[in-house]
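Survey of secondary and tertiary structure
The chain contents come next:
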Amino acid sequence: MQSVVTFEKPLPHLSLADWDARLFGLRVTSDTRRADAFDLRYSAYQLRNETRIKTEWDGYHNNNRLRSRVYEIEQWRSTLQELMDLLDREMTSLKDEKASTERELEQLNLPLLVTSECLSNRDGRRSTELTYDLADTELKKELCVTESNKKLLIDRCQSAWEKINKLEVVKFKLQLDLNDKNEALQIDKDMLNLSKESANITYKTDSLKTPARMLTYQQWLEKCEATKNMAVSELQDTLRLRESLFVARGRARNALRAQTDVTNYMLRRRIYETQRARNELQWQKMKMAENMDKLATELKTMGEQFADKINSLKVAETRLETRGYRPGNELAADEADIGLKEEVRSLRETIRQLQEKLDCAKATYNALEATSIKIEIDLNDKNQSLETDTCALEMREALEPKKADGTDKNLILANISNEVPKPA
C-alpha cells in the first residue's frame, strides 16, 4: 500500500536518450543560428562599410564634378559677359559714329544749297557774260563731289544701321545664353549645396530618364564656342565699320574742302579777269568819248567850212550868171570869166570832197557812237557779272570753316573737345 499518491500526465514520456538527442539538436541548431547570425552581422557590417565608402566617394566625386561644372559655367559666363559689355560699348560707339555721320550728312545740305544758288545766280548773267568758264565748271564739279559725298555717307549710314540691327540680334542671343547659364549655374550651385539633411529631397519618378532636348558635352561646348566666335566676329566687323565711317567722313570733308578751295580760286580768278576786262572797257569808253568829242568838234568845223564853201560857190555862180547878161560886144570870155569858171569848178570839187569827208566823218562818228553803246552795254553786263560773282563768293563764305583759337586747336588735336563742358 502506497503512502503517497503520485499522478502522471497522460502524455507520452521521453526516454533519456531522446532527451539527450533533443538537447543535442537544440545545441546544434543554436550554434548554427549563432554562426549564421555572426556571418550575417559580419557581411552586413562589410556591406555597410562598403556602401558608405562608395556613397561617400560617389558623393565626393560628383561634388567635384559639380564644382568643376560650376567653375566652367562661371568662366563661360564671365567670357560672355565681357563680350556683352564689349558689344554694348561697340554699339554705343557705332551709334555715336552713325550720329556723327548723319550730322556730317546734314551739313552737306548747306554746300548743296550754296552751290546750286551760285549756279542759279551765275546763270542770270547777261549776253556775252553767260559763258561756260572755269568757275562754272568747278561749281558743277563741286556739286558732283557734294552729291558723291552725300551718297557715300548715306551708304555708310545704311551699313551702320544694318550692323546695329545685327548687333541687336547678337546681343539678344548672348543675353539668352547668359540667362540660361545663370539659371544653370544657380541650379548647379543649389544641387552642390544639397545634402542628406536638406528638407527638399524626395523620391523622383524615373529619375534616370534622359530629356529629349539634352545635348552632349561636346555639342554644348561647340555651341558655346560658336556663340563666342559669332560675337567676336561681329565686334571685329563693327570696329572695321566704325573706322570706315570715320575715314568716309574725313575723305568726304577733305574732298569737299579741296573742291571748295579750287572753286573759290576760280571764282576769284574770274572776278579778277572780269575786273580787268571792265577796266579795259572803261578805258576804251573814255577814249571813245574823247575821240567822239574831237570828231564832233571836227564835224562842226567841217560843217562851217562846208557852208562857207557853199556861199562862195553861190557868189561865183551868181557872178557868172549875171555877167552872162552883158550886152553886145561886152559879152567876152575875158580873164575874169575864165577865173570865175575855174573858181566854180574848184569850189564844186572842194564841196564834193568836203561832202565826202563829212559823210565819212558822220559815219565814223555813228560807228564810234554804236561802239560806245556796245561798250556801255558790255560794261553793264560785266558789272552785273562782277556783282554776281562777288555775291557768289560772299555766299560761299558760309562754307569756310570757323577759325579756332589756340585752345580750341589744342582741344581738336587732342581729340578731347567733347569732354570740355560748353559755356552756359
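All of these numbers come straight from a predicted model, not from anything done at the bench. (Residues numbered from 1 in each chain as written. Predicted model: local features only at pLDDT ≥ 70, side-chain atom pairs only at ≥ 80, totals over all residues. Heavy atoms only, no water.)

This part takes up the overall build of the protein. If you tally the helices and strands in the protein, you get 6 helices and 0 strands. Starting at the N terminus, the α and β elements of the protein follow one another as α-α-α-α-α-α. Over its C-alpha atoms the protein spans a radius of gyration of 62 Å, topping by over 25% the 22 Å that the globule rule assigns to 424 residues. For the protein, the spread of C-alpha atoms along the principal axes amounts to about 265 × 45 × 30 Å. (Helix = DSSP H or I, 4+ residues; strand = E, 2+ residues; numbered from the N terminus. Rg over C-alpha atoms; globule rule 2.2 N^0.38 Å.)

Turning our eyes to something else, we now look at a nonpolar patch on the surface. Residues Ile-187, Met-191, Leu-194 and Ile-201 make up a contiguous nonpolar surface patch of about 320 Å² in total accessible area. Inspection of the secondary structure puts Ile-201 in the loop between helix H3 (134-193) and helix H4 (217-323). Using a relative accessible area of 39% as the deciding quantity, one classes Ile-201 as partly exposed. (Patch = residues over 30% accessible without salt bridge, like charges linked within 9 Å, V, L, I, M, F, W, Y side chains within 5 Å. Areas by Shrake-Rupley, 256 points an atom, 1.4 Å probe, with all protein chains shown as cover. Salt bridge = Lys/Arg side-chain N within 4 Å of Asp/Glu carboxyl O. Buried < 20%, exposed > 50% of the residue type's maximum accessible area, 1.4 Å probe, protein only.)

So, on to the packing of H3 against H4. Running from N to C, H3 and H4 point in directions that differ by 165°, and their axes come no closer than 9 Å. Of the possible angle classes, the one that applies to H3 and H4 is roughly antiparallel. Both H3 and H4 take part in a crossing whose hand is left-handed. Residues belonging to the contact of H3 with H4 are distributed by class as follows: 24 nonpolar, 9 polar and 14 charged. (Axes fitted to C-alpha atoms, helices over the stretch in contact; angles between N-to-C directions. Parallel < 35°, antiparallel > 145°, perpendicular 65-115°, else oblique. Left-handed = near helix turned anticlockwise from the far one by under 90°. Nonpolar A, V, L, I, M, F, W, Y, C, P; charged D, E, K, R; others polar.)

Attention now moves to the UniProt feature "coiled-coil region" (unreviewed entry) in the protein. UniProt marks residues 77-104 and 337-371 with the feature "coiled-coil region" (unreviewed entry), using the numbering shown here. For residues 77-104, helix accounts for 100% and strand for 0%, while the C-alpha atoms at its two ends are 40 Å apart. (UniProt positions renumbered as here; feature names shortened; annotations may be inferred.)

In this section: the nonpolar core. Judged by nonpolar contacts, the single largest core of 20 residues is most densely connected at Phe-306, Leu-313, Val-344, Leu-358 and Leu-368. Elements with a minimum of two residues in this core: H4 and helix H5 (335-395). Not counting residues within four places of it along the chain, the set of residues in contact with Leu-368 comprises Met-288, Asn-291, Met-292 and Leu-295. Among the nonpolar cores identified, the runner-up in size contains 16 residues, and Met-91, Leu-94, Ile-164 and Leu-241 belong to it. (Core = buried A, V, L, I, M, F, W, Y, C linked by side-chain atoms within 4.5 Å. Contact = heavy atoms within 4.5 Å.)

On to the packing of H4 against H5, then. Across the interface, H4 lies against H5 with an axial gap of 6 Å and an inter-helix angle of 165°. On the basis of their axis angle, the class for H4 and H5 is roughly antiparallel. In this structure, H4 crosses over H5, and the sense of that crossing is left-handed. A breakdown of the residues in the contact of H4 with H5 according to their chemical character gives 30 nonpolar, 17 polar and 19 charged.

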